[in-house]
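# Topology and contacts: notes
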Amino acid sequence: MNLSLLLDMAADGFGDRIVLGFRDGGTTAERLRRRSLAGSRILRARDADGLIYLGVNSPLFPASLFAAARAGVPLIPLNYRLGDEQLRQLIAHHPNAVAVADDEHCERVAAGGIQTFSMTTWSAALDEPAAATEAPDDNRPAVLIYTSGTTSAPKGVVIRHANLLSYVFDTVEFASAGPEDAALISVPPYHIAAVANAVTNLYAGRRSVILEQFSGAQWLALARRERITNALVVPTMLARIVNADDEDLHVPTLRTVAYGGAAMPPQVIERALRAWPEVDFVNAYGLTETSSTIAVLSPEDHRAATASDDDIVRARLHSAGHVLPGVHLQIRDDDGNPLPHGRAGRIWVRGAQISGEYAGIGSTLDPDGYFDTRDTGYLDRDDYLFVVGRADDTIIRGGENIAPAEIEAVLLRHVAVADAVVVGVPDDEWGYRIESAVVLHPNATATPLELIAYVRERLRGSKTPERIVVWDELPRNDIGKIVRREAQARLAHERT
Amino acid sequence: MLRLRVGQGLVSATDTTTVIVIKASADDVFLTCGGVAMAAELETAGADNPNLAPLDGHDHGTQLGKRYESADGAVELLCTKAGAASLAVDDIAMIIKAVKALPASD
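Residues numbered from 1 in each chain as written. Chains lettered and ligands numbered in written order. Predicted model: local features only at pLDDT ≥ 70, side-chain atom pairs only at ≥ 80, totals over all residues. Heavy atoms only, no water.

Glancing now at the overall build of chain A. For chain A, the count of helices and strands is 16 helices and 26 strands. For 496 residues, the compact-globule estimate of 2.2 N^0.38 gives 23 Å, and chain A sits close to it at 23 Å. Summarising its shape, the C-alpha atoms of chain A cover approximately 70 × 45 × 45 Å along the three principal directions. Sorting the 496 residues of chain A into buried and exposed places 58% on the buried side. (Helix = DSSP H or I, 4+ residues; strand = E, 2+ residues; numbered from the N terminus. Rg over C-alpha atoms; globule rule 2.2 N^0.38 Å. Buried < 20%, exposed > 50% of the residue type's maximum accessible area, 1.4 Å probe, protein only.)

Okay, here's the thing in C-alpha cells:
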C-alpha cells in the first residue's frame, strides 16, 4: 500500500476539482498529482532517503507529502521554531535527505550539509513535467514525526503507509464532500493532524485552505472569505477565537469544528458551544503514534451532554467519546491487567492505524498488538472514554500517585482562573511536593491562599498544592500543550 | 482460489478495475471480476488472454471509491480504479456497501 493511491483515486475521480487553496486559483486534484510526480522524480534523481520539510504549513505541504510517498521515502516535517542546536541534532539523523525550507530557514538546513530547496524553487520545480511512475508498494515509512518532547527528549515516530491508509479507509468515504465544502487547516505541518488533514480531506474531495500563521482575527477573516465549512483547531486556537471580545464570530458557512491535540479547558468548549449553537462540534483524541484520531465525541454527544439532567451524561462533554470502529481499546492497571468500566488506568490501543514504532527503536507494540499510549483514562458505563492525563505527568508524593490533571481541573473551575498547571517539585521529605502556577482572567483577582483553600475544599489535603503562584502565562508549545518541564523548573527556581 | 489479506491490491483480468482488500475472509475465496479470477499482479491476471472481456452477467461495472461486500459479509473490497466488469465471490455478485458516516474529525 502507498498513499499515492489516494491521490490517484482523487485525480481519477474528480481531477478537475480544486482540492487545495483558494476558490480562485487553487490546485486541482490532477495538478496535485502532476506536482507529486515532479517532486518524486527529483527525490529519486538525487537518491534521497527522506524529504525534510521545514516551514509553515502551505499548499506545498500536501504536494511534498505525496511527492515523498511516490518516491518511497518518508516526509520529515520539522518544527521551524526549534533552536539551532536542536534542529541540527534532528537533521543529523538524515544526512541523505533532501530538504525544502522557508527562505529564512534555508541556511539552517543547508548548514547540516543537506541539499536544500527554498519553497520558491521547490514550487517551481514541481511545475516541471514528469512521467507517471509506480509508487513502491512495500509499506515503507510514509512520515517521520518527531514528538514535541514536553516530558522527554524528542522521538521520531514512524508512520507507515498502511497506518495512514487504514485510518483513511476506516473513517472517510471517498468523494463524500460536496463541491462547496472547504476545510480550514491551521495546525502546523509537523503535527500529525496536518498529515491526517492532508490525506482525509483530499480523499473526501474537500478543498483544504491553509492558514499559514494563526491568529484569531485572521482565522475568522479567512473562514468568511473562503466560505469554510469544516475546521480543525487545537484548544488554544479555539480559546483565542471565542475569547476575542471585539471580534464578530459569525461564520455563516461553518458547519463542523473538530478540536483536539491537547486537553480542552471546559470553559473554552462551553463558550464555543454558546457562540456557535448551529455548529457541529467533534472532539478528536489521538496521538502521533496512533496516526491521529482514535476516538471521537460526536456532535450528537455534545448536544446530548449539554441538554441532559443526568450528571453522567453531562460529564461526557469533557470526554473523548467512543473509539473508532477499527480501534480496540483496553484500560489496564500498572501490571497490564484489564480494568473494568469506571476504573482509571493506562490506555492501550490496537488497530491497523496504530504505529507504535520509533526510529532507531522499532515497534513498541505488545505481543497482542496493543500500544501503550501512556495516557491514563477510564471508560464510563456506555464506553465513553475519559482521558485523565499523561502517566508521565504523575506526581509521586510520599508514595501516593497523584494525577495533576485532576487538580488542574478543579483550579480551572475557579471563576478567576484562566489557566493552570500542577507539577511535582523535588522535595527532601516527600520525594515530590505539589506546586501550581495559574493565570488569572483579566481584571480578576484571587490570592494564592484563597485558591489553596478552594482546592482543599474539593480534594483531600494530599492533593492540595503546597504553593500556588500567579504568572502572566504558562509555558505552552505551539500546539497548546503545557511544557511541564519548564513550569517545574521555573517553580523550583523561583523558590530558591 | 485466493487467500486474501487486508491491504492487498488486486487487478481484474477483464477490464480496468482494481481493488484493495478492506476485510478478508480466513478461507480461500473465489473472487472474480467480469467472471474471471482476480489476481495480485496485472501480468498474472491477463497472462492467459490479454483480450478477455467480462462474461455475460458480470458486466455491470465497478464504481471508483465504492466498497463492495460479499453476500455473507466476509469479504470487503474498495474499488481503486473503475471498470466495466463486476465483482463476485463464488459467482454471487458483490454489492455496494452502505456506509455509516463518521463525523469529520480532521
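What chain B contains, in helices and strands, is 1 helix and 9 strands. For chain B, the N- to C-terminal ordering of α and β elements is β-β-β-β-α-β-β-β-β-β. A compact globule built from 106 residues should have a C-alpha radius of gyration of about 13 Å, and chain B, at 13 Å, falls within 12% of that. Projected onto its principal axes, the C-alpha positions of chain B cover 45 × 25 × 25 Å. Counting every position in chain B, which comprises 106 residues, the buried fraction comes to 45%.

Facing 16 residues of chain B, the contacting portion of chain A comprises 31 residues. A combined buried area of about 1800 Å² lies between chain B and chain A, and 62% of that area is made up of carbon and sulfur atoms. The largest per-residue losses of area from chain B upon contact with chain A belong to Leu102, Ser105 and Asp106 of chain B, which jointly make up 36% of the total buried on that side. If you look at where chain B meets chain A, you find 2 salt bridges. Put simply, Lys81 of chain B and Asp12 of chain A hold a salt bridge, and the shortest N to O gap is 3.0 Å. Linking chain B with chain A are 4 residue pairs in polar contact (both at pLDDT 80 or more), by the criterion used here. Mapped onto the side of chain B that touches chain A, the elements with two or more residues apiece are β2 (18-23) and β6 (76-81) of chain B. Counting residues per element, the side of chain B that touches chain A draws most heavily on β6 of chain B, at 4 residues. By residue class, the composition of the side of chain B that touches chain A is 9 nonpolar, 4 polar and 3 charged. (Contact = heavy atoms within 4.5 Å. Buried area = accessible area lost by both parts, 1.4 Å probe. Salt bridge = Lys/Arg side-chain N within 4 Å of Asp/Glu carboxyl O. Polar contact = N/O pair within 3.5 Å; in protein donor to acceptor, adjacent residues only side chain to side chain. Nonpolar A, V, L, I, M, F, W, Y, C, P; charged D, E, K, R; others polar.)

If you walk through the whole model with that rule in mind, you get 0 disulfides over all chains. Here Cys33 of chain B stays unpaired: no disulfide links it, and the sulfur of Cys79 of chain B, its closest cysteine neighbor, is 8.2 Å away. (Disulfide = S-S within 2.5 Å.)

Before going further, it helps to examine the environment of Asp382 of chain A. Residues and elements named next belong to chain A. Tracing the sequence through the fold places Asp382 in the loop between β20 (371-379) and β21 (385-390). Excluding residues that lie within four positions of it along the chain, Asp382 makes contacts with Arg316 and His322. A distance of 3.5 Å separates a polar atom in the side chain of Asp382 from a polar atom in the side chain of Arg381.

Moving on, we get to the pairing of strand β5 (residues 98-101) of chain A. All names here are of chain A. Where burial is concerned, the two faces of β5 agree: the one with Val98 and Val100 and the one with Ala99 and Ala101 are both buried. Where strand β3 (residues 51-54) meets β5, 4 bridges bridge the pair, whose relative direction is parallel. When the bridges of β5 are listed, Leu51 appears paired with Val98. Bridge count between β5 and strand β6 (residues 115-118): 4 bridges; the pairing is parallel. Residue Ala101 lies in a different strand from β6, and its bridge partner there is Ser118. (Pairing = 2+ DSSP bridges.)

Okay, the nonpolar core next. All names here are of chain A. Ranked by internal contacts, the top residues of the largest apolar core, which has 123 residues, are Leu3, Phe169, Trp219 and Trp276. Ranked by the residues each element gives to this core, the list is headed by helix α8 (residues 192-204), at 10 residues. Setting aside anything within four residues of it in sequence, one finds Trp219 in contact with Leu184, Ser186, Leu211, Phe214, Ala231, Val233, Ile241, Leu254 and Trp276. (Core = buried A, V, L, I, M, F, W, Y, C linked by side-chain atoms within 4.5 Å.)

What follows concerns the sheet that holds strand β1 (residues 9-11) of chain B. Spatially, 5 strands are ordered β1-β2-β6-β5-β9 (chain B) in an open sheet, and the strand pairing comes out antiparallel. Two strands bound the open sheet, and with one partner strand each, they are β1 and β9 (95-96) of chain B. Sheet topology places β2 of chain B next to β6 of chain B; 5 bridges connect them, and they run antiparallel. Counted as the bridge partner of Thr18 of chain B is Lys81 of chain B from β6 of chain B. Docked against the sheet, helix α1 (residues 4-14) of chain A engages β2 and β6 of chain B, running at close to 65° with respect to β6 of chain B. (Axes fitted to C-alpha atoms, helices over the stretch in contact; angles between N-to-C directions.)

Attention now goes to the environment of Ile269 of chain A. Residues and elements named next belong to chain A. By secondary structure assignment, the location of Ile269 is in helix α11 (residues 266-275). By relative accessible area, Ile269 is classed as buried at 1%. Separated by 27 residues in the primary sequence, Ile269 and Val242 place their C-alpha atoms 9.2 Å from one another. Residue contacts for Ile269: discarding those within four places in its chain leaves Tyr259, Met264, Phe281 and His318.

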